[in-house]
Amino acid sequence: DGGITQSPKYLFRKEGQNVTLSCEQNLNHDAMYWYRQDPGQGLRLIYYSQIVNDFQKGDIAEGYSVSREKKESFPLTVTSAQKNPTAFYLCASSILGGLDTQYFGPGTRLTVL
Amino acid sequence: AQSVTQPDIHITVSEGASLELRCNYSYGATPYLFWYVQSPGQGLQLLLKYFSGDTLVQGIKGFEAEFKRSQSSFNLRKPSVHWSDAAEYFCAVGARGVTGGGNKLTFGTGTQLKVEL
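Residues numbered from 1 in each chain as written. Chains lettered and ligands numbered in written order. Predicted model: local features only at pLDDT ≥ 70, side-chain atom pairs only at ≥ 80, totals over all residues. Heavy atoms only, no water.

1. Quick look at the overall build of chain A
Note the threshold: To qualify as a helix, a DSSP run of H or I must reach at least 4 residues; to qualify as a strand, a run of E must reach at least 2; elements of each kind are numbered from the N terminus. Throughout, the radius of gyration refers to the C-alpha atoms, and the reference size of a globule is 2.2 Å times the residue count to the power 0.38. Type-normalised accessible area, obtained with a 1.4 Å probe on protein chains alone, sets the label of each residue: buried when under 20%, exposed when over 50%, and partly exposed for intermediate values. Here a residue-residue contact requires only that any non-hydrogen atoms of the pair lie within 4.5 Å. Where accessible areas are quoted, they stem from the Shrake-Rupley method and a 1.4 Å probe; at the residue level, only the protein chains shown are allowed to cover. For the purpose of counting charges, residues Lys and Arg are taken to be positive, whereas Asp and Glu are taken to be negative. His and the chain ends are not included. To locate a charge, the coordinates of NZ of Lys, CZ of Arg, CG of Asp or CD of Glu are taken.
Counting secondary structure elements, chain A contains zero helices and eleven strands. Reading chain A from its N end, one meets helices and strands in the order β-β-β-β-β-β-β-β-β-β-β. Here the C-alpha radius of gyration of chain A, 13 Å, is about what a compact globule of 113 residues would show, namely 13 Å. When the backbone C-alpha atoms are referred to their principal axes, chain A occupies close to 40 × 30 × 25 Å. Per-residue burial for chain A yields a buried fraction of 49% across its 113 residues. Taking all contacts inside chain A whose residues are at least 6 apart in sequence as the whole, residues at least 24 apart take part in 52%. Of the accessible surface of chain A, which amounts to about 5,400 Å², a share of 48% is contributed by carbon and sulfur atoms. Charged side chains in chain A number 11 positive and 11 negative. The centres of these two groups are separated by 8 Å.

2. Comments concerning the nonpolar core
Side chains of a nonpolar character, in soluble globular proteins, are inclined to be buried together. Test applied: Only buried residues count toward a nonpolar core. Its members are Ala, Val, Leu, Ile, Met, Phe, Trp, Tyr and Cys residues joined through side-chain atoms within 4.5 Å.
If you look at the biggest cluster of nonpolar residues, it comprises 26 residues, and the most contacted ones within it are B:Leu19, B:Trp35, B:Leu47, B:Leu48, B:Phe74, B:Leu76 and B:Tyr89. Contributions of two or more residues to this core are made by strand E2 (10-14), strand E3 (19-21), strand E5 (32-38), strand E6 (44-50), strand E8 (64-68), strand E9 (73-78), strand E10 (87-96) and strand E12 (111-116) of chain B. Once you skip the residues sitting within four places of it in the chain, B:Leu19 turns out to touch B:Ile11, B:Val13, B:Phe63, B:Leu76, B:Arg77, B:Lys78, B:Val81 and B:Leu113. Membership of the second largest hydrophobic core comes to 20 residues, among which are A:Leu21, A:Cys23, A:Tyr89 and A:Cys91.

3. As for the pairing of E6(B)
Looking along a regular strand, one sees the side chains alternate between the two faces of the sheet. Residue and element names in this part refer to chain B. So the rule is basically this: Strands are labelled as partners when DSSP assigns at least two bridges between them.
Relative to E6, E5 runs antiparallel, the two sharing six bridges. By the bridge assignment, valine 37 is partnered in E6 with glutamine 45. From the end of E5 to the start of E6, which pair antiparallel, there are five residues, and glycine 41 there has a positive phi angle of about 70°.

4. Some remarks on the interface of chain B and chain A
What counts, and what does not: Put simply, a salt bridge is a Lys or Arg side-chain nitrogen that is within 4 Å of an Asp or Glu carboxyl oxygen. Under the scheme applied, nonpolar residues are Ala, Val, Leu, Ile, Met, Phe, Trp, Tyr, Cys and Pro; charged residues are Asp, Glu, Lys and Arg; polar residues are all the others, including Gly.
Tallying the contact residues gives 24 residues for chain B and 24 residues for chain A. Inspection of the region where chain B meets chain A yields zero salt bridges. Secondary structure elements with two or more residues in the side of chain B that touches chain A: E5, E6, E10 and strand E11 (103-107) of chain B. Class assignment for the residues of the side of chain B that touches chain A results in ten nonpolar, eleven polar and three charged.

5. Comments concerning the sheet that holds strand E1 (residues 4-7) of chain A
Residues and elements named next belong to chain A. Counted only if it meets this: Here an angle of 0 to 180 degrees is reported between the N-to-C directions of two axes, which are lines fitted to C-alpha atoms, with helices fitted over the stretch in contact.
One open sheet accounts for four strands, arranged E1-E3-E8-E7; its pairing is antiparallel. Because the sheet does not close on itself, it has two edges, and the strands there are E1 and strand E7 (64-66). Taken pair by pair, the neighbouring strands of this sheet meet at an average axis angle of 20°, ignoring direction. Pairing geometry for E1 and strand E3 (residues 19-25), over four bridges, is antiparallel. Following the sheet pairing, serine 7 is matched in E3 by serine 22.

Spelled out as structure tokens, the structure:
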């Protein structure tokens, strides 16, 4: 089945540690996105990538980093510089070009202790 | 910059009753509009989308939405709600990136739907 996978579903880390969230898609989509979701705030865009080896900052990129070495993969690193990293993180992908539908993964809930 | 307002944070309806969830957007050009649904702890699923053409859009699970340019609205409707429709609903507006291309969605803050049996 084609789709987007995110792992792990739950992640716990100590304050001050970097952590990397995985996102993989087998939809052959060119564009991939990372969102952060907090209660009552909807989804906010962290980073997005249109093609391999290229990515753009979203609205709340500070304290996060990404890479796009493969078309299928778009990992997100939450660094120690992110002041309030506890949140639900969603990855999405879409066909390059146009405002096509974004398809979402199941999400990763990150809790920083 | 585009923005989306969902004025209702919570809505409760009885099973079998009709439903309307409100969405207002702000965008300078013709918007691309979406409705997504999210069950607790899950990702988002697309219900329907409007790009152009007929302003009444049909989606999955019996949902529909109507684009009204004069009111900057894209309200979601369902004639008869089922208990399984209880979830959070997000409206989103799409716009091309200002610099370097890229396509961005801006989401509303969501409406939590509760269905009473």
